[in-house]
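Residues per chain, in single letters:
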Amino acid sequence: MEKLGLYIHIPFCVKKCYYCDFNSYANMDDLKEQYVEAIIKEMGFYKESVDAVIDTIFMGGGTPTCLLPEYIDKILKACHHYFKVSGDCEITMESNPGTLTLSMLRSIKAAGINRLSIGLQSWHDDELKRLGRIHTRAQFLDNYNNARKVGFHNINVDLMFSVPEQTIYSWKDTLDEVIQLAPEHISVYSLILEEHTKLQEDYYAGRLKLPDEDIDRQMYHMATCKLSENGYNQYEISNFSKKGYECRHNLKYWRCEQYIGIGAGAHSFYHNERFSNIFLPEDYIKQVNLGIIPIAEKTLLTEKERMSEYMFLGLRLTEGINTKKFYDIFQCDVFSVYGKQINKFLQLGLMKEENNYLRLTPKGMDVSNQVFMEFI
């Protein structure tokens, strides 16, 4: 039986972070109960049409830990009711340290969450404040220790660099302190000024200063070196883990494997179709309550589009593209389709070929977006 990932989108937040352009909203407490009922109903729509084993579940947002523990328990029980969930299913929940408590951590562990992702971003309270985060370092530390206390053995910590007024030294401090805590997984992301966010508005109004591009690259290289030296394997451009703790759910995205998205604005990839749900939570709830699958857009990928996605998503992984697997899937040689691009990047030292794999070099990772564009 085929395997499938399940993504569940929770769009609620206590407060919108200044850099965030995700489908998330503050001050929507009155919608939470209706929304939970709606995502459970949406799961029911797939009961007959999806014949697969769910081996990863990822509850993202937004801030899933904004929900009451009983809602989280109800959602996970519905997953088991409507789908075949494997016994070793990786079940991840994203969290904000400002919404966690010892009681909440006990409850979500009992409900079945076995991988906790905590959004720290920075070790420094002044940097957290400039990002619009609702928590402090002390709150993160308390809840990290509480998560260990209640039995979480698979924890990811999200970090962000190139944040307003951040220095190489404060970034080094963040890395050193988090490495000492020894989480199983660490994600590091460069701040991107997204459209219509407060940070973008402040930047263009001259109210904040960001590290320049050279400092940004120094911060990234510092992260890759420090994490590698401390036993973290870089398996994707922004993701590092101890052996055996790669995020199995996110690997599905990069390997073009199948997943179903549940909730407002959630995306799916199933049987070569990409489809996405109605974006606004209120509209999503209305559609589901009418008994209609809340899909807003659906695209059946062409062979060329599938090849393109396989290349630019797979090259995010440090293992790269398996040329034999490419042939098995598409029944053609990767060089016959992308020989011009591949040879160009091999000559520029941005890509290398070894043991039937094509992968980006460290230099290629620094300009990965330009490389990916050549395959789109």
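The text that follows walks through the structure, step by step, so that each part is easy to find. (Residues numbered from 1 in each chain as written. Predicted model: local features only at pLDDT ≥ 70, side-chain atom pairs only at ≥ 80, totals over all residues. Heavy atoms only, no water.)

As for unusual backbone geometry
Glycine aside, a negative phi is what most residues show, and trans is what most peptide bonds show.
1) Next: Between Gly61 and the following residue, Gly62, the backbone shows a cis peptide bond with an omega angle of 20°.
2) Next: Secondary-structure assignment places Gly62 in the loop between β4 (53-61) and α2 (69-82).
3) Next: Even without being a glycine, Glu165 presents a positive backbone phi close to 65°.
4) Next: By the secondary structure assignment, Glu165 is in the loop between β7 (155-161) and α6 (168-181).
5) Next: What makes Glu165 partly exposed here is its relative accessible area of 49%. (Helix = DSSP H or I, 4+ residues; strand = E, 2+ residues; numbered from the N terminus. Buried < 20%, exposed > 50% of the residue type's maximum accessible area, 1.4 Å probe, protein only.)

Examining the pairing of strand β17 (residues 357-360)
1) Next: Strand direction decides the pairing type here: strand β15 (residues 321-322) and β17, joined by two bridges, are antiparallel. Looking at the pairing, Asn322 lines up with Tyr357 of β17.
2) Next: Of the strand pairs in this sheet, strand β16 (residues 351-354) and β17 are connected by four bridges, and their pairing is antiparallel. Counterpart to Glu354 in the pairing with β17 is Tyr357.
3) Next: Linking two consecutive strands that pair antiparallel, namely β16 and β17, is a turn of two residues; a positive phi of about 50° is found at Asn355 within it. (Pairing = 2+ DSSP bridges.)

A closer look at the packing of helix α11 (residues 303-314) against helix α12 (residues 323-330)
1) Next: Put simply, α11 and α12 touch, their axes get as near as 12 Å, and they point 160° apart. In terms of orientation, α11 and α12 fall into the roughly antiparallel class. Like other packed secondary-structure pairs, α11 and α12 cross with a definite hand, here right-handed. When α11 is examined against α12, the residues Glu303, Arg306, Met307, Tyr310 and Met311 are found in contact with a partner set consisting of Lys325, Phe326, Ile329 and Phe330.
2) Next: Of the residues that constitute the contact of α11 with α12, the class distribution is six nonpolar, no polar and three charged. (Axes fitted to C-alpha atoms, helices over the stretch in contact; angles between N-to-C directions. Parallel < 35°, antiparallel > 145°, perpendicular 65-115°, else oblique. Left-handed = near helix turned anticlockwise from the far one by under 90°. Contact = heavy atoms within 4.5 Å. Nonpolar A, V, L, I, M, F, W, Y, C, P; charged D, E, K, R; others polar.)

Notes on the sheet that holds β16
1) Next: Sheet architecture is open: three strands sit in the order β15-β17-β16, paired in antiparallel fashion. Edge positions in the open sheet fall to β15 and β16, since each of these has one partner strand only.
2) Next: Sitting on the sheet, helix α13 (residues 334-347) is in contact with β16 and β17, with an inclination near 125° to β16.

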